[in-house]
Each structure stands twice: as C-alpha cells, then as structure tokens.
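# Structure at a glance
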Amino acid sequence: MAFQPIVDIETETVFAYEALVRGPEGQSAASVLCQVDAENLYAFDQQCRVRAIVASVKAGLLDTPARLSINFLPNAVYSPAACIQLTLKTASAVGLPTDRLIFEFTENEEMLDPVHVANIIATYQKMGFGTALDDFGAGHAGLNLLARFQPGIIKLDMELIRDIDTSLPRRMIVEGMLRMCTSLGITVIAEGVETLGEFEALRGLGVRYIQGYLLAKPAFEALPTVMWPEKHALAV
C-alpha cells in the first residue's frame, strides 16, 4: 500500500490518508489490478482492506487523529454485514477504532445493481463508517448516482479540478456542487490538486478538504509529510 493525505486546509491538519494499492516492490496500481478477475475479486478486496489497516497502523496512523480511507469494490461485496467481519477483526487486532475508517468506491462502468450498492452504503453508515463516492463527475459517478443514494463524502474528479483557476465553467460547476452537497449534508473533497492556482481557487470557493500532488505524493508503506502551500510559495 501507498498512502496519500487528504488535508483539511482550515485547520492545516490531515483529515485522512487514502490507501492506494501497490505491488510488493512499489509497482503501480495498474500492474496489480490487471491481475484481478471474477475468480479472485472477493479475496483481493478483502486482502486490500487488511493490508491497508495493518500497513497504516505500522506507518504511524494511530499517532495522528487522521482517518483511513480504503477503496472497496462493490461487486466484491455479496453481503455487507458478512464481508465486513474480517475488516472489523483486523481493526480490533491493531487497535484502530472503526469510526476512523472511511470506505470509498468508484464505478467506472454503469452500476448494474444500484440497490445493492445503496444497501452497502446504508449498512456501513449504520456501523459508523464513513462512506465516499470517488471520481464524482467522471463516467457514471454523477448526479443520477447521487440521486439514488447519498454517501457522507464525494470526491470531485481531478478533471473538474484541473485548471479551475483559469476556467470559469469549472468554477461554476464546482460552486454549484458545493451548494448542492451542503444542502444534502455531504462533505466535498477536491482530488488531483497540482498547482497553487488550483489550490487558491478551491479555497476561494470554500472547498475545505483537498488531496493532490501539490500537498503530497503517495508514499509507499509510509505516511508522507504534507508540503503546505505557504512553503511552496517561500520556495519559489
């Protein structure tokens, strides 16, 4: 696993670390995901959860107030209550409170069973986990999906964030999403932030939570240090 921080820019603290799958020597996620098929999907999803929890705690997560965000595959969850048992056992074994876990999902292809996914989210929320919809605004992860169920967090896709400081349409779209999510009680995270201009534009719009290379690149089996924008400015 590699870990990348999601930063609260109001308090200048790390809100959560997202766990990102890597190969045993730090190889890319693509090199791992290309080996996943219907036969090993469930086992892969379960082991990713276990590895994310164990590796994050080993890296020092419990020495921080930050949460841990784990990606999960909806099609690998046949029963949310049953499939969460190994996760609960692992968290208990390493002393990680389950209310510090966030489960995020993305759906690059059209969701075949949205009722099943809604049940997963509802079950996780009842158990006290955070829930997040990743890559919102890309592919099928859009308004129709949000109308069916409301996770606690949405992560705006990086294509919406790219060059937002010089794009009026992008700023207007993100501003509208912020108003909508505020009304629905949903937290917004902007991901893929790479420039000071994007950071300042998002801060001006009222986005509180930001993730991206500007602040920190993922660190293999470690929690990276956040490079705050003020330090970037001083370096320039």
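In this report, the structure presented in the accompanying data block is examined. Treat the numbers as computed from the prediction; the structure is a model and nothing was measured.

## Considering the pairing of strand β6 (residues 153-156)
Successive residues of a regular strand alternate their side chains across the two faces of the sheet. Of the two faces of β6, the one carrying I153 and K155 and the one carrying I154 and L156 are both buried. The pairing of β6 with strand β7 (residues 187-191) spans four bridges and is classified as parallel. Residue pairing for β7: I153 is matched across the bridge by T187.

## Observations concerning unusual backbone geometry
Phi is positive for D163, which is not a glycine, with a value near 60°. In this structure, D163 sits in the loop between α7 (158-161) and α8 (168-184). Under the relative-accessibility criterion, D163 is labelled partly exposed at 40%.

## Some words on the nonpolar core
Within the largest apolar cluster, 61 residues are counted, with the highest numbers of intra-cluster contacts made by L68, I154, L202 and I210. Looking at which element gives the most residues to this core, the answer is helix α2 (residues 41-59), with six residues. Excluding anything up to four places from it in sequence, I154 contacts L133, F136, L146, C181, I186, T187, V188 and I189. Counting residues in hydrophobic clusters, the runner-up holds eight residues, among them I102, A132, I153 and Y209.

## Considerations on helix α9 (residues 196-205)
Among the residues of α9, E198, F199, A201 and L202 are the ones counted as buried. With its buried residues spanning 165° around the axis, α9 presents them on a single face. G206 sits one or two residues past α9 and shows a positive phi near 100°.

## Some words on empty space enclosed by the protein
In total, this model carries two cavities of 30 Å³ or more according to the counting rule given. The space that makes up the second largest cavity amounts to roughly 30 Å³. As for the second largest cavity, its lining consists of I6, F15, S69, I102, E104, A132, I153, K155 and I189. Counting residues per element, the ones that place at least two in the lining of the second largest cavity are β4 (101-105) and β6. The residue makeup of the lining of the second largest cavity, split by class, is six nonpolar, one polar and two charged.

Definitions and limits used
Residues numbered from 1 in each chain as written. Predicted model: local features only at pLDDT ≥ 70, side-chain atom pairs only at ≥ 80, totals over all residues. Heavy atoms only, no water. Buried < 20%, exposed > 50% of the residue type's maximum accessible area, 1.4 Å probe, protein only. Helix = DSSP H or I, 4+ residues; strand = E, 2+ residues; numbered from the N terminus. Pairing = 2+ DSSP bridges. Core = buried A, V, L, I, M, F, W, Y, C linked by side-chain atoms within 4.5 Å. Contact = heavy atoms within 4.5 Å. Arc of directions from axis to C-beta. 1 Å grid on protein atoms, 1.4 Å probe; cavity = no way out; pocket = protein on both sides within 12 Å on 5 of 7 lines; lining within 4 Å. Points joined across faces, edges and corners; volume = space filled by probe spheres on them. Nonpolar A, V, L, I, M, F, W, Y, C, P; charged D, E, K, R; others polar.

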